[in-house]
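# Structural characterization, general
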Amino acid sequence: MLKKTLLIGLILSTTACAELQQIAENLPEIEQNAPLGNEQIANGLKEALTKGIDDQVQKLTQKNGFYNNPLVKIALPEELQKVENVLRDIGLGSLADKGIEALNHTAEEAVKEATPIFVNAIQEMSINDAKNILLGQDNAATQYLEEKTNTELYNKFKPVIENSFAKVGANEIWSNIIKRYNNIPLTNNVNPNLTDYVTQEALNGVYKMIAVEEKDIRENINSRTSDLLKKVFALQD
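In this report, the structure presented in the accompanying data block is examined. Per chain, residue numbering runs from 1 following the sequence as it is written. Confidence filtering applies because this is a predicted model: local features only for residues at pLDDT of at least 70, side-chain atom pairs given and counted only at 80 or more, and all residues used for totals across whole chains, interfaces and linings. No hydrogens and no water enter the side-chain calculation; it runs on all heavy atoms of the structure.

## Notes on the overall build of the protein chain
Looking only at helices and strands, one finds 10 helices and zero strands in the protein chain. Only DSSP runs of H or I covering at least 4 residues are called helices, and only runs of E covering at least 2 are called strands; the numbering of each starts at the N terminus. For the protein chain, the succession of helices and strands along the chain, N to C, is α-α-α-α-α-α-α-α-α-α. Three exposure classes are used, based on accessible area relative to the maximum for each residue type with a 1.4 Å probe and protein chains only: buried under 20%, partly exposed in between, and exposed over 50%. Buried residues in the protein chain amount to 40% of all 237 residues.

## With respect to the environment of Lys131
Topologically, Lys131 is positioned in helix α6 (residues 127-134). Considered as a pair, Lys131 and Asn38 are 93 residues apart in the sequence and their alpha carbons are 8.0 Å apart.

## A few points about the nonpolar core
Take the buried Ala, Val, Leu, Ile, Met, Phe, Trp, Tyr and Cys residues and link them wherever side-chain atoms come within 4.5 Å; each set so joined is a nonpolar core. In terms of nonpolar packing, the biggest core is built from 63 residues, with Leu45, Phe118 and Phe157 touching the most fellow members. When sequence neighbours within four positions are dropped, the list of residues in contact with Leu45 reads Met125, Ala130, Ile133, Leu134, Val232 and Phe233. Only heavy atoms enter the contact rule, under which two residues are in contact if any of them lie within 4.5 Å.

## Here we look at the packing of helix α4 (residues 93-111) against helix α7 (residues 140-167)
For any two helices packed against each other, one specifies the crossing angle of their axes together with the interaxial distance. Contact geometry of α4 with α7 gives a least axis separation of 8 Å together with a crossing angle of 135°. By the angle class used here, α4 and α7 are oblique. Remark: the crossing between α4 and α7 carries right-handed chirality. Contact residues: Leu103, His105, Thr106, Glu109, Ala110 and Val111 in α4; Phe157, Val160, Ile161, Ser164, Phe165 and Lys167 in α7. Lys, Arg, Asp and Glu make up the charged group, whereas Ala, Val, Leu, Ile, Met, Phe, Trp, Tyr, Cys and Pro make up the nonpolar group; the residues left over, Gly among them, are polar. Considering only residue class, the contact of α4 with α7 consists of seven nonpolar, three polar and two charged. In this analysis an axis means a line fitted to C-alpha atoms, helices contributing only their contacting stretch, and an angle means the value between N-to-C directions, from 0 to 180 degrees. Convention used here: angles under 35 degrees read as roughly parallel, angles over 145 as roughly antiparallel, angles from 65 to 115 as roughly perpendicular, and any remaining angle as oblique. Note on convention: the crossing is left-handed when the near helix lies turned anticlockwise from the far helix by less than a right angle, right-handed when the turn is clockwise.

## Quick notes on empty space enclosed by the protein
The pocket and cavity definitions rest on a 1 Å grid over protein atoms only: a 1.4 Å probe that fits but cannot leave marks a cavity, an open set with protein on both sides within 12 Å along at least five of seven lines marks a pocket, and residues lining either have an atom within 4 Å of a point. Grid points are joined across faces, edges and corners, and a volume is the space filled by probe spheres set on the points. Enumeration according to the criterion identifies one cavity of 30 Å³ or more in this entry. Within this model, the largest cavity holds a volume of roughly 70 Å³. Leu45, Ala48, Leu49, Gly52, Ala141, Ile210, Glu213, Glu214, Ile217, Arg218 and Phe233 together form the lining of the largest cavity. Counting only elements with at least two residues in the lining of the largest cavity, the list comes to α2 (38-60) and α9 (194-219). Of the residues belonging to the lining of the largest cavity, the class tally is seven nonpolar, one polar and three charged.

## Observations concerning the pattern of salt bridges
Two side chains bearing opposite charge may form a pair once their charged atoms approach each other closely. Definition used for salt bridges: Asp or Glu carboxyl oxygen within 4 Å of a side-chain nitrogen of Lys or Arg. Under the defined criterion, the tally for this structure stands at eight salt bridges. Residues participating in the shared-partner salt-bridge network are Lys51, Asp55 and Glu213.

## Overview of the side chain of Glu84
By secondary structure assignment, the location of Glu84 is in helix α3 (residues 78-89). In contact with Glu84, other than residues within four places in its own chain, are Leu76, Ala96 and Ile100.

## Section: the side chain of Thr106
Among the structural elements, Thr106 can be located in helix α4. Apart from residues no more than four positions distant in its own chain, Thr106 is found in contact with Ile161, Ser164, Phe165, Val168, Ala170 and Val198.

## Structural notes on the packing of aromatic side chains
Pairing of aromatic rings covers Phe, Tyr and the six-membered ring of Trp, with a centre-to-centre limit of 6.5 Å; geometry is then stacked below 30 degrees between planes, edge-to-face above 60, and tilted otherwise. The full count for this structure, using the stated rule, is one aromatic pair. When the centroid spacing of 6.2 Å and the interplanar angle of 75° are considered together, the rings of Phe118 and Tyr207 count as edge-to-face. Of this pair, Phe118 sits in helix α5 (residues 114-123) while Tyr207 sits in helix α9, and the two are 89 residues apart along the sequence. On the accessibility criterion, Phe118 (0% relative accessible area) is buried. Two conditions define a charge sitting above a ring: the NZ of Lys or the CZ of Arg must be within 6 Å of the ring centre, and it must be within 35 degrees of the ring normal. Its guanidinium or amino end placed over the ring of Tyr67, Lys73 lies 4.4 Å from that ring's centre, counting from NZ or CZ.

## So, the environment of Gln143
Mapped onto the elements, Gln143 comes out in helix α7. We classify Gln143 as partly exposed; its relative accessible area is 40%. Separated by 68 residues in the primary sequence, Gln143 and Ala211 place their C-alpha atoms 8.6 Å from one another.

## Observations regarding the packing of α2 against helix α10 (residues 227-234)
Interaxial distance between α2 and α10 falls to 9 Å at its minimum, and their mutual angle equals 115°. Overall, the two elements α2 and α10 adopt an arrangement that is roughly perpendicular. Crossing hand, α2 versus α10: left-handed. Seen from α2, the contacting residues are Gln40, Ile41, Asn43, Gly44, Leu45, Glu47, Ala48 and Lys51; seen from α10, they are Leu228, Leu229, Val232 and Phe233. Here the contact of α2 with α10 is composed, by residue class, of seven nonpolar, three polar and two charged.

Fair warning: the whole summary comes from geometry, so function is off the table for now.
If you want it as structure tokens, here you go:
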């Protein structure tokens, strides 16, 4: 009877040790998968937006950052597309190309003004904003930034683009283009507001590239380059 009791005790003791060992082995995993706090979620979203600005928006400020990027390359407004077609028809395609290239170069200058405005908007993000973004649409973070920064960026971009038109020679190029087109018989004179058009197109390009980065982080685990990004965006997977 004593032997039987000792045997049962030994079995229970061994089983208990095994369970304790299993619990001990799982402790790091439990810690790793612990629920994220609201502040961590907000910080993760801020990091994602900052990454989008660093990885994508800064590219637009480089030479040909708009012109060589088919996602954001600024084409001519509808009013001037007929001008482009006529110029190409009469052998002045190279002049049209120079005009389009000049418009894109003016946008590069303006985007350099965007980063501090974005940084302020990111810093102002509330915990409630972060939750809505995380569980929102694929471009929810981009929409947040657009809502917070659009007016300020437009007001900042426009004078820069006006100055840039002169700096990159766009004023001279387009004055020549418009003059030559308006002198062509049987054409209606045009006088477009290119500054306003390029300002809006530059804004569209900035938000489009942030959306590209946001979509990548949401869908591509390898693009989550920090532990915080991995943990936060795992919540929406």
